[in-house]
Amino acid sequence: MVQEGVVVGYNPHKPGRPSHSYHSALMANTRLALGVEVMPGNASAPLHSMPGIWAWLDALPPTERPALLRGDIAYGNESVLREAEVRNQPYLTKLRLTKNVKRLVTKLFAHPDWEKAGLGWQGREDTLQLLGWSRSRRVIVLRRQIKGDVLIAAQDDPQGTLAFIESRSTAAAYEYAVLVTSTDYEIRAVAQLYRDRADAENNFDELKNQWGWGGFTTHDLKRCRLMASRVALVYNWWNLFVRLANPHKHHEAITSRPLLLHGVATKTQHGGQTTLTITSQHAKQAAIQAVLTRLAAFLSSLKSTAVDRPRAPHAHLATRVCEIPPRTNLSGRLIGARIEGDGSGQLPFLGLSDHEPGKGRRHR
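Residues numbered from 1 in each chain as written. Predicted model: local features only at pLDDT ≥ 70, side-chain atom pairs only at ≥ 80, totals over all residues. Heavy atoms only, no water.

*Asks:* Would you mind showing me how to read the pattern of salt bridges here?
*Replies:* Considering all chains together, one arrives at 12 salt bridges under this definition. R137 is paired through a salt bridge with E85; the nearest N and O atoms lie 2.7 Å apart. Highlighted residues: R137 in strand β8 (residues 137–145) and E85 in helix α2 (residues 78–86), separated in sequence by 52 residues. The class of E85 is buried, set by a relative accessible area of 19%. A salt bridge links R144 to E175; its shortest N-O distance comes to 2.9 Å. (Salt bridge = Lys/Arg side-chain N within 4 Å of Asp/Glu carboxyl O. Helix = DSSP H or I, 4+ residues; strand = E, 2+ residues; numbered from the N terminus. Buried < 20%, exposed > 50% of the residue type's maximum accessible area, 1.4 Å probe, protein only.)

Below, the structure written as structure tokens:
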């Protein structure tokens, strides 16, 4: 079967095979997918996905835009940074270690006043204007000393010669990362914000391997795009439901579906009411029963009050979910429209990320 819109592109698992490229954005910490676009396999670069992101941001009132646009190293280029600055959209991303970036690292290395950046990292800030950039920008140089023995292999050595740098050596080895940001956060906060981005990669992996982004094919592109968006929508619904059940921990689908779905249900009707009785077969049956009973009461209250707000049911639902005590739902930091400790009313961070392909697809 030949799929519509497939093109040979970046596909390291199956080189030379035509594929699609998935571009998606995530609301960080909430684990909610904001959208997905299915494009040809050779359209995996950010320049193909960012027009949709900018159109989405432009449609939002300034008070409802993300507090931070956060992306991986693929988004640290002039086109993305310039467009974010035009919109006064704060951003944080990573730079490739090009020649001029390495020159900055060399200049800062000898300075003694490196600040602690958490988890063994140290940081210093400076300004940098790379070739092709329209202006200088704030950069954070992070370094962490590599402890223990280090093994070095030459890439162009056909003999596979290996060199060891033992920990007893007087030379100190460091790993580096250079971040570029428009925020004025302190170095430790910027470093932690970018480290938190790694958690978003788990969401893309879950969507691909546990929800079907990498496991279905359709002949025409329209149905493929429809299914990709529907998968993201069901993924959002299930995440909200599970986090209402257990606000203190995220459960991936591979564990949450057996926990909350494996049961026998009986439907009875009496007096104009329909009752669904669920008998769980899970070992944690008592805990599951308490959770589902509490959720059923909450959802019933939503149904009764939504009638009074026919014009804005979605906004009403979000408000009611955020008003539930933390014991029975997500905290405001995770699902609400505000960042914890912040009164700006802005959405949490918008995460953009690369993802390795699966089943002939590339995800971003």
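*Asks:* Help me out: how do you make sense of the packing of helix α5 (residues 221–245) against helix α6 (residues 253–261) in this one?
*Replies:* Two packed helices can be described by the angle between their axes and the distance between those axes. The interhelical angle for the contact between α5 and α6, taken along N-to-C directions, is 70 degrees, at an axis separation of 11 Å. One finds that α5 runs roughly perpendicular with respect to α6. Crossing geometry of α5 relative to α6 is assigned as left-handed. Contacts from W238, F241, V242 and A245 of α5 reach α6 at S256, R257, L260 and L261. Partitioning the contact of α5 with α6 into residue classes produces 6 nonpolar, 1 polar and 1 charged. (Axes fitted to C-alpha atoms, helices over the stretch in contact; angles between N-to-C directions. Parallel < 35°, antiparallel > 145°, perpendicular 65-115°, else oblique. Left-handed = near helix turned anticlockwise from the far one by under 90°. Contact = heavy atoms within 4.5 Å. Nonpolar A, V, L, I, M, F, W, Y, C, P; charged D, E, K, R; others polar.)

*Asks:* Explain helix α3 (residues 99–109) to me, please; I cannot follow it from the model alone.
*Replies:* An α-helical turn contains 3.6 residues, so any two residues separated by three or four positions project in the same direction. When α3 is considered as a whole, its buried residues turn out to be V101, L104, V105 and L108. With its buried residues spanning 100 degrees around the axis, α3 presents them on a single face. Relative to its buried face, α3 has exposed residues pointing more than 90 degrees away, namely K99 and T106. Residues of α3 that are buried make contact with β7 (121–128), β8 and β11 (174–181). (Arc of directions from axis to C-beta.)

*Asks:* Looking at this structure, how should I read the packing of aromatic side chains?
*Replies:* One pair of aromatic rings is described through two measures. These are the centre distance and the angle between the planes. In the structure shown here, the tally under the stated rule is 5 aromatic pairs. Look at F109 and Y174: their rings are 5.6 Å apart centre to centre, the planes differ by 80 degrees, and that puts the pair in the edge-to-face class. One end of the pair, F109, is in helix α3; the other, Y174, is in strand β11, and 65 residues separate them in sequence. On the basis of relative accessible area, F109 is assigned to the partly exposed category, the value being 37%. Taken together, the aromatic side chains of F109, Y174 and Y176 make up a single cluster linked through ring pairs. The cationic tip of R137 hangs over the ring face of W133; the distance from NZ or CZ to the ring centre is 4.8 Å. (Phe/Tyr/Trp six-rings, centres within 6.5 Å; stacked < 30°, edge-to-face > 60°. Lys NZ or Arg CZ within 6 Å of the ring centre and 35° of its normal.)

*Asks:* Which parts of the structure should I look at to understand the side chain of Q89?
*Replies:* Turning to its location among the elements, Q89 is positioned in the loop between α2 and β5 (91–94). Taking the relative accessible area as the measure of exposure, Q89 reaches 4% and is therefore buried. A polar side-chain atom of Q89 sits 3.1 Å from the main-chain carbonyl oxygen of P66. Apart from the residues within four sequence positions on either side, Q89 is in contact with L57, R65, P66, A67, L68, L69, A84 and S182. (Polar contact = N/O pair within 3.5 Å; in protein donor to acceptor, adjacent residues only side chain to side chain.)

*Asks:* Explain unusual backbone geometry to me, please; I cannot follow it from the model alone.
*Replies:* Notably, R31 is not glycine yet its phi reads approximately 60 degrees, a positive angle. Locating R31 in the fold gives a position in the loop between β2 (18–27) and β3 (32–40). Even without glycine at this site, L119 takes up a positive phi of about 55 degrees. In this fold, L119 is placed in the loop between β6 (115–118) and β7. Residue L119 is classed as exposed on the basis of its relative accessible area of 62%.

*Asks:* When you look at a nonpolar patch on the surface in this model, what are you seeing that I'm missing?
*Replies:* A cluster of nonpolar side chains, L233, V234 and W237, forms an exposed patch at the surface whose accessible area comes to about 290 Å². Structurally, L233 can be placed in helix α5. A relative accessible area of 33% places L233 in the partly exposed class. (Patch = residues over 30% accessible without salt bridge, like charges linked within 9 Å, V, L, I, M, F, W, Y side chains within 5 Å. Areas by Shrake-Rupley, 256 points an atom, 1.4 Å probe, with all protein chains shown as cover.)

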